[in-house]
Amino acid sequence: MNSPADTSRVTSAKIVIAGGFGVGKTTLVGSVSEITPLTTEAIMTSASEGVDDNNLVPDKATTTVAMDFGRITIDQDLILYLFGTPGQTRFWFMWDELVRGAIGAIVLVDTRRLADCFSVIDFFEHRKLPYLVAVNCFDGKQLHDLNDIRDALQISHDVPVMYTDARNRESTKQVLIKLVEYVLSMRRTRTVGVH
Amino acid sequence: MVLGGDEPTGSLVRPYAVTRGRTRPQLEIALEALVETTARGRSGQFLGGREQKVIVDLCGGRLQSLAEIAARMEVPLGVARVLVADMAADGLLAVHEPTGFDADGGDESVGTELLERVLSGLRRL
């Protein structure tokens, strides 16, 4: 297969945007995406066992899960996608596909509903997916100290926690930059650790 | 393609009707994998059906991910995956797999180089 177009390797990468329902994931994606965020619907068939307490029904459950995503062309041959995860935390099987191979994740947090992101953080830690916590400031109000939020979420001191305004392009850009810098620094630490 | 007399027509069809009921793709394609129409696809001679024509047109300009194809065609992801995998097997589309960044997989140096490119790209935004 010697296609002349294949002189350079065309590839893509993705970053996952997670958080509770209504926290502003799609707004964040839309603030930097070069396309209006698109929605794709995945039809999921999974055994309902363990998902619902519905063990009396042994057959499979079908659910439609919608996710929003955006796109940033980094170079002609490198495209970055931002995928907003379904707000419902019980769709683990969807997340598995979402997080596979991802650079990392941004957990978008609303301080009024901190508990909404506990299960997401557990999941990323379990999957060893690097993540940072971005606290969405609704109306520009920074209501809480970032260290208090870190304590409340019980996350490691290495994990970046920062304020953001999901509506603001520059603010979202800084969050994405921070995540990639964090992932790179983790890689460097790992490499040093080998020697 | 010869359709049987009982084949459903119109838009009110079950999502997997366009794949003739198949839910397993010939090829596992990631959400963010990039799809490009090949010269064979562009020639238009080998297309089998309306969906294939739509996909060939969609991916004939700039690269589109599997997720974009599904969203723009308004079909579930699984349906787009079966359609794209079939067309890739027929040489109508080229599928460019994403670079994975899993901590314990892939070539570490390739991943690091790509991350640096993503970082400088984001800074330029």
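Only a predicted model underlies this, so the values are computations on that prediction, with no experimental measurement involved.

A. View of the overall build of chain B. Helix and strand counts for chain B come out as five helices and three strands. From first element to last, N terminus to C terminus, chain B shows the α and β order β-α-α-β-α-α-β-α. Every one of the 125 residues in chain B was classed for burial, and the buried ones make up 38%. Within chain B, residue pairs in contact and separated by at least 24 positions form 69% of the contacts whose partners lie at least 6 positions apart.

B. Main features of the overall build of chain A. Regarding its fold elements, chain A presents five helices and seven strands. When the elements of chain A are put in sequence order from the N terminus, they spell out β-α-β-β-β-α-β-α-β-α-β-α. By the burial criterion, 36% of the 195 residues in chain A qualify as buried. A fraction of 72% describes how many contacts in chain A between residues 6 or more apart in sequence connect residues 24 or more apart.

C. Structural detail: the pairing of strand 5 (residues 104-109) of chain A. Residue and element names in this part refer to chain A. Burial analysis of strand 5 places six of its six residues in the buried class, the great majority of the element. Neither face of strand 5 is left uncovered, since the one carrying Gly-104, Ile-106 and Leu-108 and the one carrying Ala-105, Val-107 and Val-109 both have all their residues buried. Relative to strand 5, strand 1 (residues 11-18) runs parallel, the two being bridged by four bridges. Note that in strand 5 the partner of Val-16 across the bridge is Ala-105. Bridge count for strand 5 against strand 6 (residues 131-136) is five bridges, and the pairing is parallel. When the sheet's bridge partners are listed, Val-107 is paired in strand 6 with Val-133. Traced from strand 5 through helix 3 (residues 118-127) to strand 6, the parallel crossover comes out right-handed.

D. Representation of the confidence of the model for chain A. All names here are of chain A. On average, residues of chain A score 83 in pLDDT, and 79% of them reach the 70 mark or higher. Residue range residues 1-7 is modelled with pLDDT below 50. Its contacts to residues more than four positions away, or to other chains, number one contact. Note that pLDDT drops below 50 for residues 47-58; the model gives that stretch nine contacts with residues more than four away or on any other chain.

E. Spotlight on the packing of helix 2 (residues 50-58) of chain B against helix 4 (residues 77-89) of chain B. All names here are of chain B. In contact at an axis separation of 11 Å, helix 2 and helix 4 are set at 80° when each is read in the N-to-C sense. It follows that helix 2 is roughly perpendicular to helix 4 by the angle criterion. Of helix 4, the residues touching helix 2 (which contributes Glu-51, Gln-52 and Ile-55) are Leu-83, Val-84 and Met-87. Counted by class, the contact of helix 2 with helix 4 contains four nonpolar, one polar and one charged residues.

F. Quick look at helix 1 (residues 25-32) of chain A. For helix 1 of chain A, the tally of buried residues reaches seven of eight residues, placing the bulk of the element in the interior. Listing the buried residues of helix 1 of chain A in full gives Lys-25, Thr-26, Leu-28, Val-29, Gly-30, Ser-31 and Val-32 of chain A.

G. A look at the pairing of strand 6 of chain A. Residue and element names in this part refer to chain A. Of all six residues making up strand 6, six are buried, and the element is well covered by its neighbours. Burial of the side chains of strand 6 extends over both faces: Tyr-131, Val-133 and Val-135 are buried on one face and Leu-132, Ala-134 and Asn-136 on the other. Two elements, strand 6 and strand 7 (residues 161-164), share four bridges in a ladder whose sense is parallel. For Val-133, the partnering residue across the bridge sits in strand 7 and is Val-161.

H. Layout of helix 4 of chain B. Residues and elements named next belong to chain B. With 13 residues, helix 4 extends 18 Å from end C-alpha to end C-alpha; this agrees with the ideal 18 Å at 1.5 Å per step. Summarising burial for helix 4: 11 of the 13 residues are buried, a large majority. The complete set of buried residues in helix 4 reads Leu-77, Gly-78, Val-79, Ala-80, Arg-81, Val-82, Leu-83, Val-84, Ala-85, Met-87 and Ala-88. At the C-terminal side of helix 4, Gly-91 shows a positive phi close to 75°.

I. A look at the sheet that holds strand 1 (residues 34-37) of chain B. Residue and element names in this part refer to chain B. The sheet built from three strands is open, its strands ordered 2-1-3 with antiparallel pairing. Every interior strand has two partners, whereas the edge strands, strand 2 (64-65) and strand 3 (93-96), have only one. Bridging between strand 1 and strand 3 involves four bridges; their strand directions are antiparallel. Paired with Val-35 across the strands is Val-95, a residue of strand 3. Running over the sheet, helix 4 touches strand 1 and strand 3 and is turned about 115° from strand 3.

Conventions adopted
- Residues numbered from 1 in each chain as written.
- Chains lettered and ligands numbered in written order.
- Predicted model: local features only at pLDDT ≥ 70, side-chain atom pairs only at ≥ 80, totals over all residues.
- Helix = DSSP H or I, 4+ residues; strand = E, 2+ residues; numbered from the N terminus.
- Buried ≥ 20, exposed ≤ 12 C-beta atoms within 10 Å, placed from the backbone.
- Contact = placed C-beta atoms within 7 Å.
- Pairing = 2+ DSSP bridges.
- Right-handed = clockwise from strand over helix to strand, strands pointing away.
- pLDDT = per-residue confidence, 0-100.
- Axes fitted to C-alpha atoms, helices over the stretch in contact; angles between N-to-C directions.
- Parallel < 35°, antiparallel > 145°, perpendicular 65-115°, else oblique.
- Nonpolar A, V, L, I, M, F, W, Y, C, P; charged D, E, K, R; others polar.
- Expected span 1.5 Å × (residues − 1).

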